[in-house]
Amino acid sequence: MYDKSNRKDGGFIVIVMIYLLGSSVLSAERKTADFTVSPCARLYNVKIGDVRWTEGFWGDRFNLCHDVMIPNMWHLLKEPKISHSWDNFLIAAGAKEGRHKGPKWHDGDFYKWLEAAAYVYGVTKDEEIDRQMDSIIKIIGRVQREDGYIHTPVLIAEKNKLEKNGEFKNRMDFETYNMGHLMTCACIHHSATGKSDLLQIARKSADYLYDIFKSHPEKLANNAVCPSHYMGLIDMYRTTKESKYLELASGLIDIRGMVKEGTDDNQDRIPFYDQTQAVGHAVRANYLYSGAADVYAETGNPALWKPLESIWRDIVTRKMYVTGATGALYDGASPDCFKDHESIQLVHQAYGRPYQLPNLTAHNETCASIGLALLSKRMLDITADARYADILELLFYNGILSTISIDGKKFFYTNPLQVVDNPPIPIRWSRQREPYISCFCCPPNTVRMIAEAASYVYSISKEGLYVHLYGGNTVCTQLTDGSQIKLRQRTDYPWGQTIDITIDEAPDSKVALFLRIPSWTKNPDITLNGKPVEEAVRPQSYFKIQRNWSPGDRLHLDFPMPVQFIEAHPLAEEIRNLVAVKRGPIVYCLESADLPENVNLLDIGINRKQPFSGIFLPELLDGITVLEGKAVKKTNDPWRDMLYREISSKEPEELTIRLIPYYAWGNRGKVEMTVWMPLY
C-alpha cells in the first residue's frame with residue numbers, strides 16, 4: 001500500500017483541501033468562464049477557438065496543418081504497410097486478425113495525431129474531421145478492457161492468447177505513456193467538441209491507474225517511462241474536477257523513490273524532490289518536469305518548486321542549444337565521473353554534461369524540444385515571468401519547426417546543428433527529412449504543436465490579458481469576471497519588427513494588457529493611439545498598460561531586429577570561438593546550396609566588421625527573410641591523413657554568403673549545413 005508518510009509536501013495538503021472545498025464557490029462565481037483557474041498559477045488558458053490565426057507566418061502553418069498535415073498523417077497511420085498504428089487498434093478491437101506491429105509507444109503516436117485533429121476541429125468546425133473522429137473513437141472504445149486498461153500490444157497478445165505478455169511486466173512497454181496521451185487527447189477533444197465519448201474512455205483508464213496506485217503502487221513506480229500520464233492526469237483533473245486524479249498525479253511523483261533499481265536514464269535513481277540537474281533521457285526528463293510543474297500549479301507543494309527552478313536553470317544556462325533543443329547525446333553516461341564506476345549507467349538520448357553541446361553529432365530529438373516547450377509554458381503560467389516565454393518562442397521558431405518540411409509531409413527525428421558529407425562516424429538517424437520514420441513519436445507531436453500554437457499566444461490573469469507571442473490573429477475571450485475582450489494583431493512578424501494591436505471590444509472597467517517585450521530586441525518602442533507610452537520599455541519583460549479601453553484603441557509595437565552574432569560560454573568547447581547568427585527570434589544557418597561550387601562549408605567564416613542585411617524573398621522556401629553579407633573563405637589545402645598542421649599564411653578570400661532560417665534547412669535536396677561558424 002502507498003505510505004503517505006514519505007511525502008515531501010510542506011503545507012500543500014492544506015492548499016489542496018482549501019481549493020477542493022472552494023471549487024464550488026469558484027464555479028458559482030464564474031459560470032460564464034470556461035477555463036480552469038489553477039490555484040498556484042498566475043496565468044490561465046483561453047478556450048479552444050478563442051484565438052484564430054488570420055494571416056502571416058502561423059496562419060499559413062495552421063492552414064497547412066488543416067489541409068495537409070492532418071490528412072497526410074492519417075494516411076501514414078492507417079496504412080498497414082507503412083506504420084500499422086491504426087491496424088493495431090483494429091486488431092485489438094476485434095475488427096481484424098493479426099499481431100501487434102511497431103513500437104510499444106505507437107498508441108501514443110496515434111493519440112497525439114488525434115489530439116491535433118481535435119484542436120483543428122475546435123477552430124475550423126470541419127464536419128469531416130468530426131465524423132472521422134467519431135468513427136475512430138468507437139474503435140478505441142472497443143479496444144478498452146472492462147477494467148479500464150488500454151494498451152494495444154498487451155490487449156492483442158491477450159486476444160492471441162500469448163501468455164508471455166501482460167500489463168506492467170516491462171517498464172519499456174510504455175503503457176502509462178500511451179494512457180497519458182490518451183487522457184490529454186480526450187480532454188482536448190471534449191473541449192473542442194463538447195462530446196464525452198473519448199473522455200469516458202480516458203476516465204476509465206485513469207480510474208484503472210488510480211486503483212492500481214492504491215493497491216500496488218510499486219507497479220506504477222516501476223512503469224513511469226516518459227511519464228506523459230502526469231500531465232494527462234492533471235488535464236483530467238482540470239476537466240472533470242475529480243480530486244482523485246490530482247491525488248494520483250501527486251502520488252506518482254512521490255513513489256518514484258520506490259524504484260529499487262532506478263536509473264538516471266529514467267530520472268528515478270534518486271527521488272524527484274532531491275534532484276537539482278537535468279539528467280538522463282531528455283524526452284523522459286522534460287515530460288517529468290512538465291508533469292511536476294502541473295502538479296505544483298494545483299498544489300503549491302514547495303518541495304516540487306525547488307527542483308523545478310534548479311533544473312530549469314541547469315537546462316537553459318548549461319545544456320540547451322542556441323535553437324532551444326536539448327538532449328545532446330545519442331548515448332551518454334550518468335552519473336558522470338562517479339567514483340563508484342560500477343554505478344555509472346548508459347543513458348540514451350542524454351542531456352550529457354554541462355556545456356557538452358556537439359554540433360555534428362547532436363541528437364536533439366524533437367520530442368525533447370516539445371517537452372521543454374511544455375515545461376516553459378507551465379513555468380510561465382505559474383510565474384508570469386517573460387524569460388519562460390522567450391524560450392517558448394525560441395522553440396516554436398527553431399527547435400520544433402525544424403522537424404517538418406516546408407510542404408508538411410516529411411520529418412526529422414533529430415536536429416543537428418551541423419551536417420557534412422561523409423561524417424567520420426555512423427549517424428543513427430537520417431540527416432534528410434523522411435516521409436515516415438520508424439520511431440514515429442516526433443512527427444505527430446510536432447503536428448499537434450503547430451495545430452495548438454494559437455493556444456500559446458495569450459493567457460488570462462486576474463488583472464487582464466497577457467500577450468506572449470506575436471502573429472496575425474484575432475482573440476475573443478472572457479476575462480476572470482466573465483466580461484469579454486476582443487482584439488486583433490496585424491503583423492508580418494517574425495520577418496517584420498512591427499505589430500499593430502487593435503481593440504475591438506473591451507469591458508467598461510479598467511483592464512490590463514501585458515505585452516511581452518522579447519529579450520533579443522534593442523530599443524523597443526510602444527505607442528498608444530499614436531502617442532509614445534511614458535514608462536520605459538524593457539526587453540525580457542511584460543509591459544503593462546492598464547486603462548479603460550475603447551473600441552478602436554490602437555497599440556503599435558516596434559521591436560527592432562538587428563542581426564546578432566551569438567557566442568557561447570567558453571566552457572562549451574565545441575563552439576568556442578564560433579558564432580551563430582540570429583535575427584529576432586530566428587536562428588540562421590549556412591547551407592551548401594547557397595555556396596559557389598567547390599567551396600567547402602567548413603572553410604567559411606564570419607567577418608565581424610561586415611554587417612548582414614535581411615532581405616525577404618517571397619518565392620524562396622515558402623517566403624523567408626534571408627541574411628546576406630560578406631564573409632571570408634580560408635584558402636586551405638585539403639586535409640589528408642593529418643590531425644594537426646601549421647596555420648596557413650594565405651590571406652582569406654572575401655565572398656558574399658546567404659543565410660537561411662535554421663527551421664527551413666534541408667528543403668532543397670541533400671545539403672551540408674552549419675549553424676556555428678568561425679569569427680574573423
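You'll find the structure just up there.
A few points on the structure. (Residues numbered from 1 in each chain as written. Predicted model: local features only at pLDDT ≥ 70, side-chain atom pairs only at ≥ 80, totals over all residues. Heavy atoms only, no water.)

### Some remarks on the state of the cysteines
Taken as a whole and assessed by the stated rule, the structure comprises 0 disulfides. We note that cysteine 226 lacks a disulfide partner, and the nearest cysteine sulfur, in cysteine 367, lies 7.3 Å from it. (Disulfide = S-S within 2.5 Å.)

### Points about the pattern of salt bridges
Oppositely charged side chains can form a pair if their charged atoms are brought close together. Considering all chains together, one arrives at 35 salt bridges under this definition. A salt bridge links arginine 145 to aspartate 147; the nearest nitrogen and oxygen atoms lie 3.0 Å apart. Salt-bridge contacts for aspartate 268 lead to arginine 171; the nearest nitrogen and oxygen are separated by 2.4 Å. Of this pair, aspartate 268 sits in the loop between helix H11 (243-254) and helix H12 (282-299) while arginine 171 sits in the loop between helix H6 (152-159) and helix H7 (175-193), placing them 97 residues apart in sequence. Judged by relative accessible area, aspartate 268 falls into the buried class, the value being 2%. (Salt bridge = Lys/Arg side-chain N within 4 Å of Asp/Glu carboxyl O. Helix = DSSP H or I, 4+ residues; strand = E, 2+ residues; numbered from the N terminus. Buried < 20%, exposed > 50% of the residue type's maximum accessible area, 1.4 Å probe, protein only.)

### Topic: the packing of aromatic side chains
Considering all chains together, one arrives at 37 aromatic pairs under this definition. With 6.3 Å between their ring centres and 20° between their planes, phenylalanine 168 and tyrosine 208 make a pair best called stacked. Of this pair, phenylalanine 168 sits in the loop between H6 and H7 while tyrosine 208 sits in helix H8 (residues 197-215), and the two are 40 residues apart along the sequence. Across the pair, tyrosine 208 and phenylalanine 168 agree in class, each one buried. A centroid spacing of 6.4 Å and a plane angle of 45° characterise the contact between tryptophan 495 and phenylalanine 616, whose relative ring orientation is tilted. Within this pair, whereas tryptophan 495 is found in the loop between strand E8 (484-491) and strand E9 (498-505), its partner phenylalanine 616 is found in strand E19 (residues 613-617), the two being separated by 121 residues in sequence. For tryptophan 495, a relative accessible area of 10% translates into the label buried. The class for phenylalanine 616 is partly exposed, based on a relative accessible area of 43%. One cation-aromatic arrangement involves arginine 61 over phenylalanine 57; the distance from NZ or CZ to the ring centre is 3.7 Å. The lysine or arginine in question, arginine 547, covers the ring of tryptophan 549, its NZ or CZ lying 5.1 Å from the ring centre. (Phe/Tyr/Trp six-rings, centres within 6.5 Å; stacked < 30°, edge-to-face > 60°. Lys NZ or Arg CZ within 6 Å of the ring centre and 35° of its normal.)

### What about the packing of helix H5 (residues 127-143) against H8?
Interaxial distance between H5 and H8 falls to 9 Å at its minimum, and their mutual angle equals 25°. Classified by the angle their axes make, H5 and H8 are roughly parallel. Note on packing geometry: the crossing formed by H5 with H8 is left-handed. Of the residues in H8, those touching H5 at Asp134, Ile137, Ile140 and Gly141 are Asp197, Leu198 and Ile201. Looking at side-chain class alone, the contact of H5 with H8 contains 4 nonpolar, 1 polar and 2 charged residues. (Axes fitted to C-alpha atoms, helices over the stretch in contact; angles between N-to-C directions. Parallel < 35°, antiparallel > 145°, perpendicular 65-115°, else oblique. Left-handed = near helix turned anticlockwise from the far one by under 90°. Contact = heavy atoms within 4.5 Å. Nonpolar A, V, L, I, M, F, W, Y, C, P; charged D, E, K, R; others polar.)

Coordinates in, geometry out; function isn't part of it.
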